[in-house]
Structure formats: C-alpha cells, structure tokens
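Survey of secondary and tertiary structure
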Amino acid sequence: MSVVKIKIESLYKIFGANPKMVMEHVKNGVGKDELLAKYSHVLGLQDINLNVQEKSIQVIMGLSGSGKSTLIRHINRLIEPTAGKITVEDQDVMAYDKNALRNFRREKTAMVFQRFALMPHMTVIKNVSLGLDMQGIKSEETKEKASLWIEKVGLSGYEEKYPQHLSGGMQQRVGLARALTNDADILLMDEAFSALDPLIRKDMQDILLELQSELHKTVVFITHDLDEALKIGDRITILKDGKMDQDDLPADILLNPKTDYVKKFVEDVNRSRVLKAKHIMQKLNGEDISKAIKVNENDFIEKFIDRVVEEKPEMIVVQDKQNKNVGCISSKRLSEILKK
Amino acid sequence: MDFLDSFPVMEQQELRDFKKGIDLAFRTFARTYGDAIESFFEPLLFFLVWLEKLLINSPWPIIILVLASLAWIASRSIVLVIGTIISFLMIGYFGMWKDTMSTVAIITVATLVCLAAGIPMGILMARSNRAQATLLPVLDMMQTIPSFVYLIPILMLLGIGKVPGLIAVCIYAIPPIIRLTNLGIREVDKEALEAIDSFGATTWQRLTKVQIPLALPTIFAGINQTIMMALAMVVIASMIGVRGLGVPILRAISNQYLALGLMNGLAIVALAIIFDRISQHYGKRIQKHREGRNL
Ligand SMILES: Nc1ncnc2c1ncn2[C@@H]1O[C@H](COP(=O)(O)OP(=O)(O)OP(=O)(O)O)[C@@H](O)[C@H]1O
Ligand SMILES: [Mg+2]
C-alpha cells in the first residue's frame, strides 16, 4: 500500500579538501569531533538510510549543526554526496547528467528555504511564477497559476509588491506559494517556519496541513522544534552529528525513545498536547464499546481528557471524519501514557 | 668593493640593441597589421563621425531639448534638468559649443565600447577564478601605467586620429566596468542562487534572472566610473588627434592662456557632473525594489 518515493541509502557527506581520502577513517568509526580535530574535515552526514513514503510528511529533526540542511539538499542534489545512493521513484538521482538533473528539479521537486530566499528584485507574483518561468511556460498560464496560489496562501492584493515590503510571515507564504505553484510531487522544506514568530508559525503549520489534506504531496520537512515535528510529521527522523538516531512514528519517538539523545529531546513535552487519539489508539478487537466515549482520531488528548476524568469510561473509541470506528484506547493505557 | 658601488648594468651597446630590437619588431608588426587593425575599427570610426556630425549640425535648441529630456527621463529630477539646460546655455554662450559636442560624441562612443566589451569580460571573470587571476593584474596595469606610455604603441600602430584616440580612452576607462561587473556578480546572494538552481535554472537563466539584476547597482557604479574616467582622458586624447574640449586646453597650456584653459576645463567639469548625476539617478531609479518599506 505504501510506496517509497525517496530512498536514501548509505549516504555520506564529508566537507573538506579531500573527502574521499578521509572517507576510509569515517567508515572505520572515526566520529565527527575526531575527524575535525585530526583530519580537519567536517563530517556532515554519515550512513544515512531513509525511506520517505509517498504522500506523507517526513520530518527530519535535530539540533543546529546536526546536518539537516545538508541532508535535504542532497535530495535535489544542491549538494553532491561523498558516497551513497539517492533514488526517487526508482530513478537513480546520482546518475542524472546536467540536463536530466535540471528536468528533475523542474518537474519533481520544489523547495522552501529557511530564510525565504526570495528574489528581491521581483514582485510577489514574479517570485511565485519563478518555477514555471524556468520551464519556459507561457506567461498567461503562469500568471493564472501563480495568482491562484497567492490567493490560497492569503496574499491576494500583494501581487505587485516587492518582498521587502512584506513581513517575515508574508514572505514565507510567498516562498510556500512559489514552491506549490511548481506543482511538483516532492516538497522540500528546510526549516520553513523556524524564522517566524509563534503565532504566524502556527498559522503556517495549519495552512500546510490543510493544503496537504487536499494535495497529498511527498513532503520532507525540517525543523529543530519537537512540537512542530509532532504536529506535522507522519514520520520523524532524528539526526545527531550527521547520524540517524531514531526513525519512527511520532508517537513512538515520544513513547519509546531509543537513545538518551532522543529521551532528552522528548523529556519536557506535554504529551496530552502533542499526542492525538490516532497516535495512541490500538486496533479494535471486539471489545465492549457500549459504554465508551467517542473521540475523533485527530483530537489531541488534551481535548478529551476532561471528559475521561468526568465520565471515567473503560474504553475510548476513536473515529475518523466519517464517524467510522477506527480504533480504541483503554483508560488504563491512557493513564500509563500520561504518567510517564 | 666595486660590485657594491656600481650597479651591474647591461652593456651600453647591448642595451641599445635590445631596445632597438623590440622597436623594430613592433614596427614590422605595425606595418604588417596596422591597416587590418584600422579597418577593423572602421565601423566604430564611422559611428563616431556620424554622431559627432549629428550633434554639431543639429540646431542647438534641439540638442538642449534632447539632453534635458534625457536628464528628465533618467533622473526625474527637475533640479538636474535645469542644471543641464543652464550649463549647456553657458557653454554655447562662451563659444565652446562645437568642442563640447565633439567631446560628448567621443565620450558616448567610448562608454558604449567599454560597456559592450567590459560587461561580458566582467561576467567571464566572475564565472571563472582562473579568468579572474589572469585579468586582475592586467587591469591593475591598465590603471597604473602612465597613459602616455600606451599612447606610443597605439600611435605606432594607427598613427594620429580619432580611432587611436578612442582606443586610448577605452583602455583607460574600461577597468572599472570590468572590475565592478565581476564584483557585483560575485557578491550576489548565495541563497538566491541556490533558490533559482532548485527550480532547475539553466546557466543563462541564472545569469539573466538573478546574477545581473542583483549585481546591477554595482554594475551601475562601474558605468558611472567609466564615464568619469573617459572624460578625464579628453585632454590626453586630443594630443593624438581627437577633437573636442581638450584641444583648446592644449593650446592654452602651450601659450599660457589662463582664461581659455579655465573655461574649457570648467566645461569638462560641467559635463562630468551632469553625466555623473544622470547615470547615478538612473541606476537608483531602476532599482525600484530597493525603496523603503511602504506597506
Ligand atoms: N559548505 C560547508 N563546508 C564545511 N562544512 C559545512 C558546510 N556546510 C555545512 N557544513 C557543516 O556540516 C554540519 C551540518 O550543517 P547543516 O547546515 O546541515 O546543519 P543544520 O542541521 O541544518 O543546522 P541548522 O539547524 O543550524 O540549520 C555543520 O557542522 C556544518 O558546519
Ligand atoms: Mg539548516
């Protein structure tokens, strides 16, 4: 059922004068700090293996300098790997020549940048049209599509403004519209929302989720914020010093952190605020649900916890949008999850 | 200690032969290729002569009107327009109209040549570190070598006339536009380039959609400097047969005519100020997006 859209296999990236030469040391287990101290090369990424499912949001998370930007730039080859393989839709991206790579970038991917990277000399509509412009698509069609996306991100009326005349949040929406106008299957978002203040940031997250529910893109989303990762991600990969620490479902990251690093990450999270019913539900196995209360799969625990405390049901039934039962949570499981 | 007291000099006779050899070689070169090189520049000469005639033969009110409109279109500044009109009226009134028109013609042609050659060279330099490493010392030399020195080979090659004058002006005036085009393009924001790459831009799209537009303020500073340097060469160029405001200045030097020299000198200053302001204003005006936030 699930199809792998982007496959990354044993990817290594070493920055420095002679990466191939020190590659051997890295394979023999020399770590990031030692590599820098002894061989003055920076270990950007080591042994990354990642499958991104089609139509899902894959979050990559890690502290500053952990290699997130480096990793996402490999997917459209803005950075060339030192070793490893990248496959998109069963095509070897590393085998592309200049032309094929250009077409791949034009048709398959679109990127949103951490610091917007808008063209300061172009109006909003020109910026949003950039991807189609590069493809040489004729201007009426471009203009139509661009206007549509400008409207969808709520910037109608700003078409002829220059980026400098917009607030940071508005600029980031231009960046989002620019990527979406390209209508590529793969959306690469490098800390797209990190530069925004909390309120605008929440708006942007909601816009993204709303769009995703109708567009079903394959999204690679980078953040260093766990709350954001849990809110947006279908799957979360945690990077540390260029290495993958854990790659799991959001709930598993939270409930079963595998390393101390991840544990530290999730320690202070208020679980009832970030876990949704669907994250913690278990399969229905003919349990007695006559006295159960019903919640929506996308409700946060926070939303129904009061009812649980009041009514003390044995069982909580989880339903989808069409009110179909999709799973259940026993009150025992719920209290265990919140206790930890 | 003989060795320390007198510098080990090349033998007198040898030195003379050495210099003679070079001169002879170059003279042979000039004799063989001089005509070919001259005919290469024919179209340029034709254009220069045509422009000069046009400027001199058109009725003066029309010229002033055209210059004033150009000033207005480029700068949208009424002060500059009035300044332009007054300057040219005074230039005409003091009998320097024809010389000024000749100077405007050669400055215009020289600037166009410098831009046509210099901007592509600047782009090339920005694209390749090796090109930069080769061209930078050449530019340094062009800017520091006394202009009289490179007049010599030009004279040997082409004799006295408008074309050698034009070439001399261009050699002197082209370095800033090359340098600043190179600098402007190299300074273009890496993130903007990464963004356009991520959308699959070709090298040409990269250059025309991002690099040149974003380098434009710097390139314009280069254009401005090039014009100014071309003006500064007017007097020297007139030594090898270029007509214009430089000629009366030369005459004033050899005869100690203070007023004549001063008046023509001031006319050059007036041209410089007008060209400078116009090109600066224009450079700023095409950068509309740099205006302050006005949400
Ligand atoms: N061009 C480069 N040359 C040398 N080292 C680099 C280069 N680019 C990145 N690095 C190094 O690679 C490591 C990972 O950098 P990267 O930008 O991917 O981190 P990040 O996780 O995106 O961090 P942030 O959250 O701050 O954006 C860092 O140690 C960085 O110094
Ligand atoms: Mg980053």
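These numbers were taken from a predicted model, which means no experiment stands behind them. Throughout this description, residue numbers start from 1 for each chain and increase along the sequence as written. Numbering of ligands from 1 and lettering of chains from A proceed in the order in which they are written. Thresholds applied to this predicted model are a pLDDT of at least 70 for local features of residues and 80 or more for the giving and counting of side-chain atom pairs; totals over whole chains, interfaces and linings are not thresholded and use all residues. With hydrogens and water stripped out, all remaining heavy atoms of the structure feed into the side-chain values.

**Focus: the overall build of chain B**
Each helix is a run of H or I in the DSSP string that is no shorter than four residues. Each strand is a run of E no shorter than two, and both are numbered from the N terminus. What chain B contains, in helices and strands, is 14 helices and zero strands. When the elements of chain B are put in sequence order from the N terminus, they spell out α-α-α-α-α-α-α-α-α-α-α-α-α-α. When the backbone C-alpha atoms are referred to their principal axes, chain B occupies close to 80 × 60 × 45 Å. In chain B, which comprises 295 residues, the proportion classed as buried is 44%. Surface accessibility of chain B: about 16300 Å² in total, with carbon and sulfur atoms responsible for 68%. Charge assignment: positive for Lys and Arg, negative for Asp and Glu; neither His nor the chain ends contribute. The location of each charge is read from NZ of Lys, CZ of Arg, CG of Asp or CD of Glu. The positive charge centre, built from 24 side chains, and the negative charge centre, built from 19, are 11 Å apart in chain B. With a 1.4 Å probe rolled over the protein chains alone, any residue whose accessible area is under 20% of its type maximum counts as buried; one over 50% counts as exposed, and the rest are partly exposed. The Shrake-Rupley method, run with a 1.4 Å probe sphere, supplies the accessible areas, and residue values consider only the shown protein chains as cover.

**Some remarks on the side chain of T181(B)**
Residues and elements named next belong to chain B. Looking at the element boundaries, T181 is found in helix α9 (residues 162-186). With relative accessibility at 0%, the residue T181 sits in the buried group. Each polar contact in these results corresponds to two N or O atoms within 3.5 Å; when the atoms are within protein, one needs to be able to donate a hydrogen and the other to accept it, and residues that are neighboring in sequence are counted only if both atoms are side-chain atoms. Engagement of the side chain of T181 in a polar contact is seen with the backbone oxygen of I177, the distance being 2.7 Å. Throughout, a residue-residue contact means that at least one pair of heavy atoms, one from each residue, lies within 4.5 Å. With near-sequence residues (within four places) excluded, T181 lies in contact with I119, G122, I123 and I219.

**With respect to the interface of chain A and chain B**
Contact with chain A, which involves 31 residues of that partner, is made by 24 residues of chain B. In this description, buried area is defined as the sum, over both parts, of the accessible area (probe of 1.4 Å) that is lost when the two are combined. Roughly 2400 Å² is buried in total at the junction of chain A and chain B, and carbon and sulfur atoms are behind 61% of that figure. Salt bridges are identified by distance alone: a Lys or Arg side-chain nitrogen within 4 Å of an Asp or Glu carboxyl oxygen. Run the count over chain A and chain B and you get two salt bridges. Residue E191(B) pairs with R115(A) through a salt bridge whose shortest N-O separation is 2.8 Å. Applying the counting rule to chain A against chain B returns seven residue pairs in polar contact (both at pLDDT 80 or more). Every element with two or more residues in the side of chain A that touches chain B is listed here: α4 (98-107), β6 (109-112), α5 (124-134) and α7 (168-181) of chain A. Classification used: nonpolar for Ala, Val, Leu, Ile, Met, Phe, Trp, Tyr, Cys and Pro, charged for Asp, Glu, Lys and Arg, polar for all others including Gly. When grouped by side-chain class, the residues that make up the side of chain A that touches chain B number 14 nonpolar, eight polar and nine charged.

**Structural notes on the nonpolar core**
One finds L176(A), M189(A), F193(A), F221(A), L275(A) and F304(A) to be the most contacted residues of the largest nonpolar core, which totals 173 residues. For this core, the element with the most residues is helix α6 (residues 97-127) of chain B, which contributes 13 residues. Throughout, the edges of the domains are those of an automatic or database domain assignment. Taken together, domain 1 (56-68 + 96-269) and domain 2 (274-339) of chain A each give at least three residues to this core, which thus spans both. Among buried residues, those of type Ala, Val, Leu, Ile, Met, Phe, Trp, Tyr and Cys that are joined through side-chain atoms within 4.5 Å constitute a nonpolar core. Counting eight residues, the second-largest nonpolar core is a separate cluster that includes Y12(A), I14(A), V22(A) and L43(A).

**Observations concerning the packing of aromatic side chains**
Two rings from Phe, Tyr or Trp (for Trp, the six-membered ring) form a pair when their centres sit within 6.5 Å of each other. Planes less than 30 degrees apart are called stacked, planes more than 60 degrees apart edge-to-face, and all others tilted. Considering all chains together, one arrives at ten aromatic pairs over all chains under this definition. Judged by centre distance (5.7 Å) and plane angle (35°), the rings of F26(B) and F29(B) are tilted. Of this pair, F26(B) and F29(B) both sit in helix α2 (residues 12-40), three residues apart, which is roughly one turn of that helix. The exposure class of F26(B) is partly exposed, given its relative accessible area of 26%. Judged by its relative accessible area of 34%, F29(B) falls in the partly exposed class. In this structure an aromatic cluster arises from ring pairing among F26(B), F29(B) and Y33(B). The ring centre of W149(A) lies 5.0 Å from the NZ or CZ of K152(A), which sits over that ring. Look at NZ for Lys and CZ for Arg. If either is within 6 Å of the ring centre and within 35 degrees of the ring normal, a charge sits over the ring.

**Considerations on the sheet that holds strand β2 (residues 42-53) of chain A**
Residues and elements named next belong to chain A. One open sheet holds the four strands; their spatial order is β2-β1-β4-β5, and the pairing between them is antiparallel. Strands at the two margins of the open sheet, each flanked by one partner only, are β2 and β5 (91-92). Here strand β1 (residues 4-15) pairs with β2 via eight bridges, running antiparallel. For K7, the partnering residue across the bridge sits in β2 and is N51. Contacts from helix α1 (residues 19-27) reach β1, β2 and β4 (83-88), with the element oriented near 105° to β1. A fitted line through C-alpha atoms represents every axis, and for helices the fit uses only the stretch in contact; the resulting angles, taken between N-to-C directions, go from 0 to 180 degrees. Strands in contact with helix α3 (residues 68-75) are β1, β2 and β4; relative to β1, the strand with the most contacts, it is inclined by about 125°. The pairing criterion is simple: DSSP has to find at least two bridges between the two strands.

**Some words on a nonpolar patch on the surface**
Residues and elements named next belong to chain B. Here a patch means residues that are over 30% exposed by relative accessible area and free of salt bridges, tied together within 9 Å if like-charged and within 5 Å if nonpolar (Val, Leu, Ile, Met, Phe, Trp, Tyr). A cluster of nonpolar side chains, contributed by I62, V66, L70, W72, I73, I78, V79, I82, I86, M90, Y93 and F94, occupies part of the molecular surface with about 1300 Å² of accessible area. Among the secondary structure elements, those contributing two or more residues to the nonpolar patch are α4 (60-75) and α5 (78-93). Take the nonpolar patch: its biggest share by element is six residues, from α5. Looking at the element boundaries, M90 is found in helix α5. In this structure M90 comes out as partly exposed when scored by relative accessible area, which is 45%.

**Points about the layout of surface pockets**
A pocket, in this scheme, is an open set of points on a 1 Å grid over the protein atoms alone with protein on both sides within 12 Å along at least 5 of 7 lines, while a cavity is a set where a 1.4 Å probe fits but cannot get out; residues line either one if an atom lies within 4 Å of a point. Grid points are joined across faces, edges and corners, and a volume is the space filled by probe spheres set on the points. Space inside the second largest pocket adds up to approximately 840 Å³. For the second largest pocket, the lining is made up of 27 residues, of which L67(B), L70(B), T108(B), F275(B) and I278(B) are closest to its centre.

**Concerning the sheet that holds strand β13 (residues 325-330) of chain A**
Residues and elements named next belong to chain A. Spatially, the three strands line up as an open sheet ordered β11-β12-β13, and their pairing is mixed. The two strands at the open ends of the sheet, each matched to only one other strand, are β11 (293-296) and β13. Averaged over all pairs of adjacent strands, the angle between strand axes in this sheet comes to 30°, irrespective of strand direction. As defined by bridge partners, β11 adjoins strand β12 (residues 315-319) across four bridges and the pair is classed as parallel. Among the inter-strand pairings, K294 is bridged to a residue of β12, identified as V317. Its contacts with the sheet put helix α14 (residues 301-311) on β11, β12 and β13, and the angle it makes with β11 is roughly 175°. This element, helix α15 (residues 331-339), spans β12 and β13 of the sheet and lies at about 65° to β13.

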